[in-house]
Amino acid sequence: MSTGVYDEKGAAYAEHAARNPWNDLYDRPAVLSLAGDVAGKRVLDVGCAAGHLSGLLAARGASVVGIDNSAVLVEIARSLWPASFVCADLAEPLEFPDASFDVVTASLVLHYLPDWTSPLAELRRVLVPGGVLVVSVHHPCEDWRWFDLPNYFATSLVTDRWTVAGEEMEVQYYHRPLSAVFSSLREAGFRVDDVVEPMPVPECAEVNPQAYESLTTKPRFLYFRAVA
Ligand SMILES: C[S@@+](CC[C@H](N)C(=O)[O-])C[C@H]1O[C@@H](n2cnc3c(N)ncnc32)[C@H](O)[C@@H]1O
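Keep in mind the model is a prediction, meaning the values are calculated, not measured.

### Some points on the nonpolar core
What tends to happen in soluble globular proteins is that the nonpolar side chains get buried as a cluster. Counting residues in hydrophobic clusters, the biggest one holds 31 residues, and the most contacted among them are Leu44, Val46, Ile67, Leu110, Leu123 and Leu133. Secondary structure elements with two or more residues in this core: strand E1 (42-46), strand E2 (63-68), strand E4 (101-107), helix H6 (117-126), strand E5 (127-138), helix H8 (178-187) and strand E9 (221-227). Ranked by residue count, the leading element in this core is E5, at 4 residues. Apart from the residues within four sequence positions on either side, valine 46 is in contact with Ile67, Leu90, Val104, Thr105, Ala106, Ser107, Val109 and Leu123. With 25 residues, the next largest nonpolar core counts Leu32, Leu53, Ala83 and Leu108 among its residues.

Below, the structure is given as structure tokens:
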């Protein structure tokens, strides 16, 4: 599917991603924690958007390449962070040689893809054996409940509407059941070694008490650490 909306709303999304609690105080801390010590490692950050996670990885001493299929967000990322950014579609073969990364982070991007078979095979190919893939996706229970989906077990396209930096943004992504996420990773040659339903960082309670209350009582995103 097209993610043209990330080009159309790129500047507003970049501003939103910088400081909203869901990205800044919940998703990125959880991904960084699962990625572990990245100092001196080669990290590929897929679905990097405006590069806020890429920037944090670089600040921890990693050599980072971020990819995203929004040319607008890639340009913004290039202007903000000391990392390389490439405009590329995860649904297509990647331009990187085999075994060129130690760690891949895929923060809140895989649910945009209808089929994970070739994207995950590509991520497995570009990782060294024993390399780590960290994935965050929308929690399937959250999607199921939020959209009142008639069939939890079916992979289905949902339409979501967000307000980002004062602008309305409509996105479409795929709900898939937990078992489909797990089996896709296993079939692509990954061994899942951690599944996490994280808490936001404590600072969230002060910055946005409403988000804190929601994130500490309801499923929102789901995290996997998988080894190639
Ligand atoms: C919710 S944002 C990810 C947030 C980001 N990881 C961060 O830390 O700020 C989703 C991103 O995935 C990108 N995306 C969606 N489908 C993609 C695809 N097929 N290939 C590459 N990037 C994609 C979008 O352009 C968007 O920037």
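After that view, the rundown keeps rolling.
### Let's talk about the sheet that holds E2
What the 7 strands build is an open sheet, ordered E3-E2-E1-E4-E5-E9-E8; its pairing is mixed. Single-partner strands in this sheet number two, and they are strand E3 (84-87) and strand E8 (191-196). Neighbour-to-neighbour, the strand axes of the sheet open up by a mean angle of 20°, direction not taken into account. Relative to E4, E1 is paired through 4 bridges, and the arrangement is parallel. Paired with aspartate 45 across the two strands is threonine 105, which belongs to E4. Of the strands in this sheet, E1, E4 and E5 are in contact with H6, which crosses E5 at around 140°.

### Structural notes on unusual backbone geometry
One non-glycine residue, alanine 49, lies in the positive phi region at around 50°. Positionally, alanine 49 belongs in the loop between E1 and helix H4 (52-59).

### Thoughts on the UniProt feature "domain: Methyltransferase type" (unreviewed entry) in the chain
Here, the residues flagged by UniProt with the feature "domain: Methyltransferase type" (unreviewed entry) are residues 44-135. Within the segment residues 44-135, helix and strand shares are 30% and 32% respectively, and the terminal C-alpha atoms sit 12 Å apart.

### Remarks on the packing of helix H2 (residues 10-19) against helix H3 (residues 21-35)
At a closest axis distance of 4 Å, the pairing of H2 and H3 adopts a crossing angle of 45°. The pairing of H2 with H3 is recorded here as oblique in orientation. Contact residues: Tyr13, His16, Ala17, Ala18 and Arg19 in H2; Pro21, Asn23, Asp24 and Arg28 in H3. Along the lines of polarity and charge, the residues of the contact of H2 with H3 split into 4 nonpolar, 2 polar and 3 charged.

The rules behind the values
- Residues numbered from 1 in each chain as written.
- Predicted model: local features only at pLDDT ≥ 70, side-chain atom pairs only at ≥ 80, totals over all residues.
- Heavy atoms only, no water.
- Core = buried A, V, L, I, M, F, W, Y, C linked by side-chain atoms within 4.5 Å.
- Buried < 20%, exposed > 50% of the residue type's maximum accessible area, 1.4 Å probe, protein only.
- Helix = DSSP H or I, 4+ residues; strand = E, 2+ residues; numbered from the N terminus.
- Contact = heavy atoms within 4.5 Å.
- Pairing = 2+ DSSP bridges.
- Axes fitted to C-alpha atoms, helices over the stretch in contact; angles between N-to-C directions.
- UniProt positions renumbered as here; feature names shortened; annotations may be inferred.
- Parallel < 35°, antiparallel > 145°, perpendicular 65-115°, else oblique.
- Nonpolar A, V, L, I, M, F, W, Y, C, P; charged D, E, K, R; others polar.

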